[in-house]
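Spelled out from the first residue to the last, the chains are:
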Amino acid sequence: MTGLLDAIIQGILLGGLYALFATGLSLMFGVMRLVNLAHGDLIVLAAFVILLVTEKLGIDPFVAVLLAAPILFAIGFGLQHVLLNRTLGRDLLPPLLVTFGLSIIIQNGLLQMFSADSRRLRSGAIETASVSLGGDIAVGVVPLLTLVSAIAVIVVLNFIFYRTSIGRAFRATSDDLDVAQLMGIDVNRTFAIAMGIAIVVIAIAALYLGLRANFDPTIGPARLLYAFEAVIIGGLGSFWGTLAGGIILGLAQTIGARIDPEWQILSGHLAFLVVLVVRPRGLFPRAID
């Protein structure tokens with residue numbers, strides 16, 4: 001029973017990381033109906049930006065992400081304003097093709113700049129620190145911070161969506177783009193701000209990815225897959241559903257690994273398939289409104 005309880009706890013904590021991967025993707029889809037195939041590579045790009053800031057300034061990654069966030073917001077804003085806004089419309093194929101091409105460009109650019117060597121963010125003693133829950137069960141401080149950060153990000157995003165003027169613009173463009181434009185909303189600017197915020201969320205996910213595991217320029221597609229699965233399990237457009245989807249995915253993987261280490265990744269995919277069969281629209285489908 002202790003082993004199962006530990007697997008459940010670790011699965012919930014792992015789900016926090018997957019929820020961070022997925023929240024930015026959920027934001028993009030909820031506001032812009034954008035299926036971003038470069039999402040995983042943007043996570044890796046953010047991790048390398050944080051690494052670069054850390055190495056150049058000699059500061060802790062938790063401080064580096066605060067300095068990198070405005071840079072990444074500007075990158076997201078510019079990317080959406082200059083490139084992706086031109087692809088959005090009733091046809092879903094153009095943004096898929098453009099973001100697929102962007103994924104390839106990011107991967108090859110990072111390989112050119114940083115090589116294929118694995119890197120990791122270092123933050124001293126906190127990386128190995130743990131909190132005992134009694135008995136033989138302990139949780140790492142970094143995984144715990146990951147889950148807390150995922151919850152905090154969702155709380156902040158809900159505040160932005162329901163308590164601010166830009167949030168009202170997000171909801172208006174999500175509900176009816178044509179009416180929003182008739183009411184005087186600058187749709188292109190609204191989408192660019194949404195992308196900028198999504199990239200900042202991606203930066204937070206990248207911080208914990210880099211602290212918990214090695215990363216290299218080629219791991220983006222796997223992060224994209226986990227993000228898609230978490231979003232679809234939870235329900236498209238639902239931030240809290242995304243958190244639930246991430247936790248379900250994490251639980252499936254850790255329990256599967258407890259049964260047989262080779263089943264870890266497969267167990268997550270099987271859980272995704274089961275949810276898709278039983279609830280094709282996800283567990284908590286809801287448009288951001």
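This text goes with the structure placed above it.
The text that follows walks through the structure, step by step, so that each part is easy to find. (Residues numbered from 1 in each chain as written. Predicted model: local features only at pLDDT ≥ 70, side-chain atom pairs only at ≥ 80, totals over all residues. Heavy atoms only, no water.)

### Focus on the overall build of the protein chain
Within the protein chain one finds 11 helices and two strands. For the protein chain, the spread of C-alpha atoms along the principal axes amounts to about 60 × 50 × 35 Å. Nonlocal contacts in the protein chain, meaning residues at least 24 apart in sequence, comprise 76% of its contacts between residues at least 6 apart. When the accessible surface of the protein chain is totalled, it reaches about 13,200 Å², and 67% of it is carbon and sulfur. (Helix = DSSP H or I, 4+ residues; strand = E, 2+ residues; numbered from the N terminus. Contact = heavy atoms within 4.5 Å. Areas by Shrake-Rupley, 256 points an atom, 1.4 Å probe, with all protein chains shown as cover.)

### As for the pattern of salt bridges
By the definition in use, this model includes two salt bridges. Ionic pairing is found between D6 and R258, a salt bridge with its closest N-O pair at 3.2 Å. Taken together, the residues span a long stretch of sequence, with D6 in helix α1 (residues 2-32) and R258 in helix α10 (residues 239-259) at a distance of 252 residues. A salt bridge links E127 to R122, with the shortest nitrogen-to-oxygen separation between them at 3.2 Å. (Salt bridge = Lys/Arg side-chain N within 4 Å of Asp/Glu carboxyl O.)

### Quick word on the packing of helix α9 (residues 220-234) against helix α11 (residues 264-278)
At a minimum axis distance of 10 Å, the contact between α9 and α11 shows a crossing angle of 35°. Judged by the sense of rotation from one axis to the other, the crossing of α9 with α11 is left-handed. Facing L225, Y226, E229, I232 and I233 of α9, the residues of α11 in contact are I265, G268, H269, F272, V275 and L276. For the contact of α9 with α11, the residue count by class is eight nonpolar, two polar and one charged. (Axes fitted to C-alpha atoms, helices over the stretch in contact; angles between N-to-C directions. Left-handed = near helix turned anticlockwise from the far one by under 90°. Nonpolar A, V, L, I, M, F, W, Y, C, P; charged D, E, K, R; others polar.)

### Quick look at the nonpolar core
F21, L27, V31, M32, I50, L157 and F170 are the most contacted members of the largest nonpolar core, which has 75 residues in total. Setting aside anything within four residues of it in sequence, one finds I50 in contact with P61, A64, V65, A68, L121, A203, A206 and L207. (Core = buried A, V, L, I, M, F, W, Y, C linked by side-chain atoms within 4.5 Å. Buried < 20%, exposed > 50% of the residue type's maximum accessible area, 1.4 Å probe, protein only.)

### Looking at helix α8 (residues 187-212)
In this model, α8 (26 residues) spans 38 Å end to end at C-alpha, consistent with the 38 Å of a helix rising 1.5 Å per residue. Counted residue by residue, α8 has 21 buried out of 26 residues, so it is predominantly covered. (Expected span 1.5 Å × (residues − 1).)

### Let's talk about the packing of helix α5 (residues 141-163) against α8
Running from amino to carboxyl end, α5 crosses α8 at an angle of 175°, the nearest separation of the two axes being 10 Å. Put simply, α5 runs roughly antiparallel to α8. Note on element contacts: α8 touches α5 through I197, V201, I204, Y208, L211 and R212, opposite V142, P143, L145, T146, S149, V153 and L157. Residues that form the contact of α5 with α8 fall into these classes: 10 nonpolar, two polar and one charged. (Parallel < 35°, antiparallel > 145°, perpendicular 65-115°, else oblique.)

### A short note on helix α3 (residues 61-82)
Residues separated by three or four positions in an α-helix point in the same direction, a consequence of the helix having 3.6 residues per turn. Look at α3: 30 Å from first C-alpha to last across 22 residues, which is about the 32 Å you get at 1.5 Å a residue. For α3, the principal kink sits at A68 and spans about 35°; a proline, P70, occurs within the next four residues. Of the residues making up α3, those classed as buried are P61, A64, V65, A68, A69, L72, G76, L79 and Q80. Tucked into the core, α3 has its buried residues touching α1, α2 (39-57), α4 (93-114) and α8. Measuring from the backbone nitrogen of F62 back to the side-chain oxygen at the start of α3 gives 2.9 Å, which picks out D60 as the cap. (Bend = angle between axes of the 7 residues up to and from the residue. Polar contact = N/O pair within 3.5 Å; in protein donor to acceptor, adjacent residues only side chain to side chain.)

### A short note on the packing of aromatic side chains
Per the counting criterion, the structure on display carries eight aromatic pairs. Aromatic side chains Y18 and F21 sit 6.1 Å apart centroid to centroid with 40° between the ring planes, which places their arrangement in the tilted category. One end of the pair is Y18 and the other is F21, both in helix α1 and three residues apart, which spans about a single turn. With a centroid separation of 5.2 Å and an interplanar angle of 45°, the aromatic rings of F161 and F170 are classed as tilted. Take F161 and F170: they sit in the same class, and that class is buried. Over the ring of F29 we find R33; its NZ or CZ atom is 5.4 Å from the centre of that ring. (Phe/Tyr/Trp six-rings, centres within 6.5 Å; stacked < 30°, edge-to-face > 60°. Lys NZ or Arg CZ within 6 Å of the ring centre and 35° of its normal.)

### Here we look at the pairing of strand β1 (residues 130-134)
Pairing of β1 with strand β2 (residues 137-140) involves four bridges; the strand directions are antiparallel. Along β2, the bridge assignment pairs G134 with I137. Where β1 folds back on β2, the antiparallel hairpin that results is connected by two residues, among which G135 adopts a positive phi of roughly 65°. (Pairing = 2+ DSSP bridges.)

### Some details on unusual backbone geometry
One non-glycine residue, R33, adopts positive backbone phi at about 55°. A residue is classified by how much of its surface remains accessible, and R33, at 34% relative accessible area, is partly exposed. The backbone of S115 sits at a positive phi, close to 70°, despite the residue not being glycine. In this fold, S115 is placed in the loop between α4 and β1.

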